[in-house]
Amino acid sequence: MRILICEDSVLLREGLVRLLEDAGHDVVAALPDATELDVAVTESTPDLCILDVRLPPTFTDEGIGAAVRIRAARPALPVLVLSQYVEERYASELITGSGGAIGYLLKDRVADVTEFLDSVARIGSGATVLDPEVVAQLLSRRTRDDRIQRLTDRERSVLALIAEGRSNHAIAAALFVSEASVEKYITAIFQKLGLEPDESGNRRVLAALAHLEHGNNTPQTGTVK
């Protein structure tokens with residue numbers, strides 16, 4: 001996979017380059033800031049862009065702004081955003097925005113090489129992959145929307161796992177239920193949230209998270225009945 005990296009930290013940037021190339025990917029550009037990002041994306045035609053949330057010169061929202069811009073201009077281009085810690089406003093902006101495959105991971109995840117490379121591959125193939133901490137914070141907000149109150153504890157657990165990019169098989173394994181049961185929970189979730197049927201898994205996840213942006217606490221999977 002052809003990958004473009006935009007990360008201001010030299011150590012992390014070079015580490016990502018080596019990690020990805022060792023895994024068989026082709027790093028077509030490694031930029032320290034977003035100044036030449038648009039030109040680089042056009043010229044290098046990457047299959048995936050990896051961006052830091054905060055980039056020079058202000059280290060505020062240059063990275064997230066670039067990610068939103070890329071998704072608007074090239075909806076089919078997958079984007080993976082790396083952040084030092086969960087920034088809910090930025091996460092929500094990406095998740096609810098238009099575009100294709102998206103990933104939002106904490107930089108700590110890079111330390112787990114196997115997990116990080118798996119996330120890169122999944123995002124590159126069109127999946128939505130969100131850091132569990134991002135999901136937990138988005139789902140821990142409060143809401144007055146009674147649609148959320150319609151969900152059972154089990155359904156909220158299933159929804160949280162969907163948002164993390166888990167397959168039905170993985171959800172079934174995590175909750176110790178059958179895949180048929182998972183399918184029934186998912187159908188019930190989207191019926192209760194008033195979401196129209198959609199064949200795109202990514203679109204369903206994004207729509208659900210948009211509704212759950214101020215959602216309730218998600219129960220621990222091991223204690224849900």
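About the criteria used
Residues numbered from 1 in each chain as written. Predicted model: local features only at pLDDT ≥ 70, side-chain atom pairs only at ≥ 80, totals over all residues. Heavy atoms only, no water. Helix = DSSP H or I, 4+ residues; strand = E, 2+ residues; numbered from the N terminus. Buried < 20%, exposed > 50% of the residue type's maximum accessible area, 1.4 Å probe, protein only. Contact = heavy atoms within 4.5 Å. Areas by Shrake-Rupley, 256 points an atom, 1.4 Å probe, with all protein chains shown as cover. Pairing = 2+ DSSP bridges. Right-handed = clockwise from strand over helix to strand, strands pointing away. Salt bridge = Lys/Arg side-chain N within 4 Å of Asp/Glu carboxyl O. Expected span 1.5 Å × (residues − 1).

**Considering the overall build of the protein**
Next, step 1: For the protein, the count of helices and strands is eleven helices and six strands.
Next, step 2: For the protein, the residues scored as buried account for 48% of the 225 residues in total.
Next, step 3: When contacts within the protein are restricted to residue pairs at least 6 apart in sequence, long-range pairs at least 24 apart make up 70% of them.
Next, step 4: Split by element, the accessible area of the protein, about 10,600 Å² in all, is 51% carbon and sulfur.

**Overview of the pairing of strand 5 (residues 102-106)**
Next, step 1: Strand 5 sits mainly inside the fold: five of its five residues count as buried.
Next, step 2: Along strand 5, one buried face is formed by Ile102, Tyr104 and Leu106 and the opposite face, lined by Gly103 and Leu105, is buried too.
Next, step 3: As paired strands, strand 4 (residues 79-83) and strand 5 are joined by five bridges and run parallel to one another. Within strand 5, the residue paired with Ser83 across the bridge is Leu106.
Next, step 4: As paired strands, strand 5 and strand 6 (residues 129-130) are joined by two bridges and run parallel to one another. Residue pairing in the sheet places Tyr104 in a bridge with Leu130 of strand 6.
Next, step 5: Where the polypeptide runs from strand 5 across helix 5 (residues 113-124) and back to strand 6, its parallel neighbour, the crossover connection is left-handed.

**Some points on the sheet that holds strand 3 (residues 48-52)**
Sheets are built from strands that pair by backbone hydrogen bonding, the pairs being arranged parallel or antiparallel.
Next, step 1: Strand order in the open sheet formed by six strands is 2-1-3-4-5-6, and the pairing between neighbours is parallel. Each having just a single partner strand, strand 2 (26-31) and strand 6 make up the two edges of the open sheet.

**Things to note about the pattern of salt bridges**
Next, step 1: Counted under the stated rule, the structure contains nine salt bridges.
Next, step 2: Among the salt bridges present, the one from Arg2 reaches Asp26, with a minimum N-O distance of 3.6 Å. Note that Arg2 is positioned in strand 1 (residues 2-6) and Asp26 in strand 2, a separation of 24 residues in sequence.
Next, step 3: Arg2 gets classed as partly exposed once you look at its relative accessible area, which sits at 30%.
Next, step 4: For Asp52, the salt bridge identified is with Lys107, shortest N-O distance 2.9 Å. In this pair, Asp52 is assigned in strand 3 and Lys107 in the loop between strand 5 and helix 5, connecting sequence segments 55 residues apart. The pair Asp52 / Lys107 is uniform in exposure class, with both members buried.

**Considerations on the environment of Glu183**
Next, step 1: Along the chain, the position of Glu183 falls in helix 10 (residues 179-192).
Next, step 2: Assessed through its relative accessible area of 45%, Glu183 is described here as partly exposed.
Next, step 3: Placed twelve residues apart in sequence, Glu183 and Ile171 show a C-alpha to C-alpha distance of 10.0 Å.

**Remarks on helix 1 (residues 10-22)**
Next, step 1: Compared with an ideal rise of 1.5 Å per residue, which puts 13 residues at 18 Å, helix 1 spans 18 Å between its outermost C-alpha atoms and is within 8% of the ideal.
Next, step 2: Listing the buried residues of helix 1 in full gives Leu12, Arg13, Leu16, Val17, Leu19 and Leu20.
Next, step 3: Buried-residue contacts for helix 1 involve strand 1, strand 2, strand 3, strand 4 and helix 5.
Next, step 4: Downstream of helix 1 by one or two residues, Gly24 has phi in the positive range, about 100 degrees.

Coordinates in, geometry out; function isn't part of it.
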